[in-house]
Amino acid sequence: MNVLFTSTDPGSAQQNNSVAYMFNKYENYKLAYISSHLSSKFYSSNYNNSLVIEDRRNLKKKLSDFIDAFIPDFIFLGLSANKNEIDYLACEIAKEKNVKTAAIQDYYGWIGAFDSKIKPNYFFVIDEYAKKLTQDTKICNSKNIIILGSPKHHNYLNQLKSWDKDIQNINFANRELIFFLQPLHIPGIESNFINFCKSIN
């Protein structure tokens, strides 16, 4: 079975790579990915083929040519923020070629740029609450919204001991914290972060 992963943003790449890690335990899968240059750094599992987009000219043709050559049986899509990005265009191509697709949700209820016309066949979500929020968007039938958890966070469990050991060797020069958030245009992100900062001040 040929499985293709796409990602414009690093969050989707991390989710995809964690799923690919599981597929790599079995011999009957061939894996490939299409990624932005930034997201490509998060693909570390073994892949049979890849396309890293550095030049966006003729993007849809590049995607279509790669998909034609790899002939995927299934595509895991990232959640692009707009319709001109890798994931939305790959979904559009998959629909034309009758290839089943799914998106792994990285943030509760987030469906990216997908709409009633162009959307994955399935959304894999974190939990019941994420499923409810996704149902509320009316993007697809409830049975196509499947609770999976968060593969990248599950994968972090394998690295905790190593991280704990590494952090013991770090000497902090100050008490500054850096937060990496979801995109601020997602409703609730900015206000929740402001409230969080006020609560620890």
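Residues numbered from 1 in each chain as written. Predicted model: local features only at pLDDT ≥ 70, side-chain atom pairs only at ≥ 80, totals over all residues. Heavy atoms only, no water.

Caption draft 1: Seen up close, the pairing of strand E5 (residues 100–104). Among the five residues that make up E5, four are buried, leaving the element largely enclosed by the rest of the structure. Here strand E4 (residues 74–77) pairs with E5 via four bridges, running parallel. Following the sheet pairing, Ile75 is matched in E5 by Thr101. The β-α-β motif built from E4, the intervening helix H4 (residues 86–97) and the parallel element E5 has right-handed crossover chirality. The sheet contact formed by E5 and strand E6 (residues 122–125) spans three bridges and is parallel. Counted as the bridge partner of Ala103 is Phe123 from E6. (Buried < 20%, exposed > 50% of the residue type's maximum accessible area, 1.4 Å probe, protein only. Helix = DSSP H or I, 4+ residues; strand = E, 2+ residues; numbered from the N terminus. Pairing = 2+ DSSP bridges. Right-handed = clockwise from strand over helix to strand, strands pointing away.)

Caption draft 2: Region of interest: unusual backbone geometry. Its identity as a non-glycine residue notwithstanding, Asn58 has a phi of 55°, on the positive side. Unlike most non-glycine residues, Asn98 shows phi in positive territory, near 60°. With respect to the helices and strands, Asn98 occurs in the loop between H4 and E5. Judged by relative accessible area, Asn98 falls into the exposed class, the value being 71%.

Caption draft 3: Looking closely at the pattern of salt bridges. This model, assessed by the stated rule, comprises nine salt bridges. Of the charged contacts, one joins Lys83 and Asp115 as a salt bridge, the two residues approaching to 3.2 Å between their closest N and O atoms. Linking Lys83 in the loop between E4 and H4 with Asp115 in the loop between E5 and E6, this pair joins segments that are 32 residues apart in sequence. Across the pair Lys152 and Asp106 runs a salt bridge whose closest N-O atoms are separated by 3.1 Å. Taken together, the residues Lys152 in helix H6 (residues 151–156) and Asp106 in the loop between E5 and E6 connect sequence positions 46 residues apart. (Salt bridge = Lys/Arg side-chain N within 4 Å of Asp/Glu carboxyl O.)

Caption draft 4: Spatial organisation of the environment of Ser116. Structurally, Ser116 can be placed in the loop between E5 and E6. When the C-alpha atoms of Ser116 and Lys83 are compared, they prove to be 13 Å apart, with 33 residues separating the residues in sequence.

Caption draft 5: Examining the packing of aromatic side chains more closely. Scanning the model with the defined rule gives 15 aromatic pairs in all. Through a chain of ring-to-ring contacts, three or more aromatic side chains come together here, namely Phe5, Phe23, Tyr29, Tyr33, Tyr43, Tyr47, Phe74, Phe76 and Phe124. (Phe/Tyr/Trp six-rings, centres within 6.5 Å; stacked < 30°, edge-to-face > 60°.)

Caption draft 6: Fine view of the layout of surface pockets. Approximately 330 Å³ is the volume found for the largest pocket. Lining the largest pocket are 19 residues, with Asp9, Pro10, Gly11, Gln182 and Pro183 positioned closest to its centre. Take the lining of the largest pocket: its biggest share by element is four residues, from helix H1 (residues 10–23). Tallied by class, residues from the lining of the largest pocket come to eight nonpolar, seven polar and four charged. Considering only enclosed or pocket space, the second largest pocket measures out at about 240 Å³ in volume. Ser18, Val19, Met22, Pro151 and His154 are, among the 14 residues lining the second largest pocket, the residues nearest its centre. Of all the secondary-structure elements, those providing two or more residues to the lining of the second largest pocket are H1 and H6. Considering each element in turn, the lining of the second largest pocket owes the most residues, five residues, to H1. (1 Å grid on protein atoms, 1.4 Å probe; cavity = no way out; pocket = protein on both sides within 12 Å on 5 of 7 lines; lining within 4 Å. Points joined across faces, edges and corners; volume = space filled by probe spheres on them. Nonpolar A, V, L, I, M, F, W, Y, C, P; charged D, E, K, R; others polar.)

Caption draft 7: Just the sheet that holds strand E3 (residues 49–53), in detail. Spatial ordering of the open sheet is given by E3-E2-E1-E4-E5-E6-E7, a layout of seven strands whose pairing is parallel. Only two strands of the sheet have a single partner each, and these edge strands are E3 and strand E7 (145–147). Sheet twist, expressed as the average angle between the axes of neighbouring strands with direction ignored, equals 20°. Pairing of E6 with E7 involves three bridges; the strand directions are parallel. Paired with Val125 across the bridge in E7 is Ile147. Sheet contacts for H1: strand E1 (2–7), strand E2 (30–36), E4 and E5; angle to E1, the most-contacted strand, approximately 160°. (Axes fitted to C-alpha atoms, helices over the stretch in contact; angles between N-to-C directions. Contact = heavy atoms within 4.5 Å.)

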